[in-house]
Amino acid sequence: MPRPTDSSSWKRLEQHAAALAPHTLRDLFAREPDRGERLAAEGAGWRLDYSKNRVTDETLSLLFEFATDAGLRGRIDAMFDGERINTTENRAALHVALRADRDACIEVDGVDIVPEVHTVLDRMASFAGCVRGGNWLGHTGRPIRNVVNLGIGGSDLGPALATDALRAYADRNLTLRFISNIDATDFTEKTLDLDPAETLFVVCSKTFTTQETLTNAHTARRWIVEALGTDAAVARHFVAVSTHAEAVARFGIDAQNSFGFWDWVGGRYSIGSAVGLSLMLSIGPEHFGEMLSGFRAMDGHFREAPFERNLPVLLGLLGVWYANFLGTESTAVIPYDQYLARLPAYLQQLDMESNGKSVALDGTPVDWTTGPIVWGEPGTNGQHAFFQLLHQGTRLVPCDFIGFCQSLHPTGDHHDLLMSNLFAQTEALALGRTPDEVRADGVAEELVTHRSFPGNRPTNTLLADRLTPESFGALLALYEHKVFVQGTLWNVDSFDQWGVELGKTLARRITPALSCAEEPELASHDSSTRALIRHYRRRKLP
Ligand code: F6P
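What counts and what doesn't
- Residues numbered from 1 in each chain as written.
- Predicted model: local features only at pLDDT ≥ 70, side-chain atom pairs only at ≥ 80, totals over all residues.
- Heavy atoms only, no water.
- Helix = DSSP H or I, 4+ residues; strand = E, 2+ residues; numbered from the N terminus.
- Rg over C-alpha atoms; globule rule 2.2 N^0.38 Å.
- Buried < 20%, exposed > 50% of the residue type's maximum accessible area, 1.4 Å probe, protein only.
- Contact = heavy atoms within 4.5 Å.
- Lys, Arg positive; Asp, Glu negative; His and termini not counted.
- Charge placed at Lys NZ, Arg CZ, Asp CG, Glu CD.
- Expected span 1.5 Å × (residues − 1).
- Arc of directions from axis to C-beta.
- Axes fitted to C-alpha atoms, helices over the stretch in contact; angles between N-to-C directions.
- Parallel < 35°, antiparallel > 145°, perpendicular 65-115°, else oblique.
- Left-handed = near helix turned anticlockwise from the far one by under 90°.
- Nonpolar A, V, L, I, M, F, W, Y, C, P; charged D, E, K, R; others polar.
- Core = buried A, V, L, I, M, F, W, Y, C linked by side-chain atoms within 4.5 Å.

Asker: Tell me about the overall build of the chain, and name the residues and values.
Answerer: The helix and strand inventory of the chain stands at 21 helices and 13 strands. Over its C-alpha atoms the chain spans a radius of gyration of 25 Å, differing by no more than 12% from the 24 Å that the globule rule assigns to 542 residues. With the C-alpha coordinates aligned to their principal axes, the bounding extent of the chain is approximately 75 × 60 × 55 Å. Burial analysis of the chain (542 residues in total) assigns 53% to the buried set. Considering only contacts within the chain whose residues lie at least 6 apart along the sequence, 74% involve residues at least 24 apart. Across the chain, the mean location of the 51 positive side-chain charges is 5 Å away from that of the 69 negative side-chain charges.

Structure follows, in structure tokens:
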């Protein structure tokens, strides 16, 4: 794989960035009256308006050339064809198989994996039907009313986001909770009002070795056994989702109550697998299937659409343009929909765990910027918090604004007000307000600079008709593929996460030092860590 900075398109993009710098979005809109209609693309129910970006036709054609130089088309095919593109773990990255049609054929090492995928989906559907229908009884014979997912990272963020996002489609008789943090506060607060006799825990962990999840699972086990008086209760109150069947068995969960998936599903790409079980329990198998068809529609768009009209490719290239040629450090995602409040948290893992890398696929250090810092909050709340910096701060933060044309809760003029804010913010960010315009409004001279807006701040706007399981699935697939496009252009492995290992190893070494009776041997730690451990030991509860 060539180093991106060696390609001729990279060099020309650098020169082009310098040449384009004096031309603001105001100029570009004034010069091209049809820009708003022209720089837009549609796919899988989503419309992307990318006209409010600092790009011209020349920028875009250089970016497409760069994508071609980076071999993007071949990498997309390699992913869909099940090649082991996760080279450091020697695995395929085949999350697209999780939403393949029943009659599709996708092979890993010569074996069609689609039938297995559907066998698990069918088992999930039948289990979900049983629980939702009140036919899965707890140990004391009471139906399940509470489902608690125990998982972290990809085994939490996806189902937690989706359960929130699709709450309008949920069975409101079931209470869904997500416990991820090893901080006992999470477990305590989220189980405080639950009746153990009516509570089902879904222990969700790809590896089934993750400290946080296993600690919470053992606490949950004690909570159930103490309340219901017998170990036998575990069988009716715990199910597992994992690739590690033996570890699940060791925990004491029967294989019948365990739902598997595969090493070719990355944790942060796993929402369409059995990791989505708690979501399926909430919204039912039919809506879950609709979500998968939304994912599938975006997969098809990504694979088929020419780069010029390909939403993940466009978003990916625009992100690269800002990070590598205009020096931006972060990107904000602002969903104008309260149901999507947790989307930024989900995207943080998806993007930053995938592309927060500083070595290329061949193990050599990169000398180009890779994954951005991803952050955000729902609009309009963010407007009253960090938008000041977006409008008038010294940093350039490209943003994605996400909205829907129809509200799921049409109430008075709420939705028009919400969406007018979305449109207004992107317009204000792009065009700003010049000092002359501010003066013309009669503002006192000493306040003119304070009240001027530089503008020229780029945004993408993503619109779909309605937040449905389909449009939601398509949105997640859009971001999954955007991240893959960027990982390809940056020539990094987007599917490993070695950077999370060191902290885990050190925590395992420190834990015994926090609880042993004698002054522990701390020589292997630095003086700051030693002092902190000593302070903690002196102050902690006996
Ligand atoms: O944080 C590292 C990580 O491995 C993530 O990639 C993963 O989603 C999370 O931990 C949880 O892992 P598991 O599903 O194996 O418990």
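Moving on from the coordinates now.
Asker: Describe helix H1 (residues 8-20), with residues and values.
Answerer: Look at H1: 18 Å from first C-alpha to last across 13 residues, which is about the 18 Å you get at 1.5 Å a residue. Along H1, the positions that sit buried rather than exposed are Ser9, Trp10, Leu13, His16, Ala17 and Leu20. Seen end-on, H1 carries its buried residues on one side only, within an arc spanning 120°. Away from its buried face by more than 90 degrees, H1 exposes Gln15 and Ala18. The inward-facing, buried residues of H1 contact helix H4 (57-69) and helix H13 (311-325).

Asker: Please give an account of the packing of H13 against helix H19 (residues 469-490) that cites residues and values.
Answerer: Interhelical geometry of H13 versus H19 gives an angle of 50° and a closest axis separation of 8 Å. On the basis of their axis angle, the class for H13 and H19 is oblique. Seen along the crossing, H13 lies across H19 with a hand that is right-handed. The residues of H19 that touch H13, namely those facing Leu311, Pro312, Val313, Leu315, Gly316, Leu317, Gly319, Val320, Ala323 and Asn324, are Leu478, Tyr479, His481, Lys482, Val485, Gln486, Leu489 and Trp490. A per-class count over the contact of H13 with H19 returns 12 nonpolar, five polar and one charged.

Asker: Can you lay out the nonpolar core for me, pointing to particular residues and giving the numbers?
Answerer: Core analysis: the biggest nonpolar cluster contains 123 residues, and Trp46, Trp264, Leu343 and Phe472 have the highest contact counts within it. Those residues in contact with Phe472 that sit more than four places away from it in its chain are Leu161, Ala162, Ala165, Leu166, Met291, Leu340 and Leu467. Core analysis: the second largest hydrophobic core is formed by 24 residues, Val148, Phe187, Ala197 and Ala233 among them.

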